[in-house]
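Descriptive structure summary
Listed below are the residues making up each chain.
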Amino acid sequence: SRRPRVYVVAVGVSEYQDAQLKLEFPSKDATDFAQFMQAQQGRMYSTVEVRLVTDRQATRAKVIEALDWLKSKVGAADTGMVFIAGHGINDARGHYHFLAHDADPRNLARTAISEAEIRSRMASLWGRALLFVDTCHAGNVLGTHQAMNSEMRRLANTLSSPENGVIVFSASTGRQT
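Residues numbered from 1 in each chain as written. Predicted model: local features only at pLDDT ≥ 70, side-chain atom pairs only at ≥ 80, totals over all residues. Heavy atoms only, no water.

By the definition in use, this model includes three aromatic pairs. Summarising the aromatic geometry, the rings of Phe-33 and Phe-83 are spaced 4.8 Å apart at their centres and angled 15° between planes, so their arrangement reads as stacked. One end of the pair, Phe-33, is in helix H1 (residues 26–38); the other, Phe-83, is in strand S3 (residues 79–85), with 50 residues separating them in the sequence. Of the two residues, Phe-33 and Phe-83, both sit in the buried class. Where Phe-33 meets Phe-132, the ring centres are 5.1 Å apart and the plane angle is 55°; that geometry is what we call tilted. With Phe-33 in helix H1 and Phe-132 in strand S7 (residues 128–134), the pair connects residues that are 99 residues apart, well separated along the chain. Here Phe-33 falls in the buried class, since its relative accessible area comes to 14%. In textbook terms, an aromatic cluster arises when at least three aromatic residues are bridged by ring pairs, as seen for Phe-33, Phe-83 and Phe-132. (Phe/Tyr/Trp six-rings, centres within 6.5 Å; stacked < 30°, edge-to-face > 60°. Helix = DSSP H or I, 4+ residues; strand = E, 2+ residues; numbered from the N terminus. Buried < 20%, exposed > 50% of the residue type's maximum accessible area, 1.4 Å probe, protein only.)

The following block contains the structure:
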């Protein structure tokens, strides 16, 4: 049988336009994830294509562009993976936002990447979709601002639901920093 193809978007933001937001490891983690996946070419996957977007390159526009690239590449027999690491924040209504390099926490709607933008792009992939989120409030990435027990129940339902093609690995619940 033919080995599947995988397309990867790896985003890591350690350096932010706002220097107060600086983190130590997200760009390294994204780079390591991308390298690990590239090493799977010819082993686990026939083809591995990666878009690595880190630090100053990881503007809102470039991250959205990379997610759109993924959507254009993944076919029915393929796997699409997204790895994001950096700051994640919930707005006043409890909706998750990923902070790109140029994000302004005081203006999330215009400068950050919302859960809805991530969710719609991941759900529209033709093949399998895996989402790795290494941020604060990562459990909210698919819109789960609920109590922890409800969150865990929803995650279990999501993973076992055949009609939902996105599998999510999150570093924290929606309420954890």
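Covered by surrounding structure in strand S5 (residues 96–99) are Tyr-96 and Phe-98 together with His-97 and Leu-99, the residues of both alternating faces. Two strands pair when backbone bridges link them, and strand S4 (residues 87–90) and S5 are joined in this way by four bridges, in the antiparallel orientation. Each bridged residue has a counterpart across the sheet, and for Asn-90 the counterpart in S5 is Tyr-96. Connecting S4 to the antiparallel partner S5 that follows it, the hairpin turn spans five residues, and Gly-94 within it adopts a positive phi of roughly 85°. Where S5 lies against strand S6 (residues 113–114), two bridges are found, and the strand directions are antiparallel. Paired with His-97 across the strands is Ser-114, a residue of S6. (Pairing = 2+ DSSP bridges.)

Below, the discussion takes up the pattern of salt bridges. Within the structure shown, the criterion is met by eight salt bridges. A salt bridge links Arg-5 to Asp-78; its shortest N-O distance comes to 3.0 Å. In this pair, Arg-5 sits in strand S1 (residues 5–12) while Asp-78 sits in the loop between helix H2 (60–73) and S3, placing the two residues 73 residues apart along the sequence. For Arg-5, a relative accessible area of 29% translates into the label partly exposed. (Salt bridge = Lys/Arg side-chain N within 4 Å of Asp/Glu carboxyl O.)

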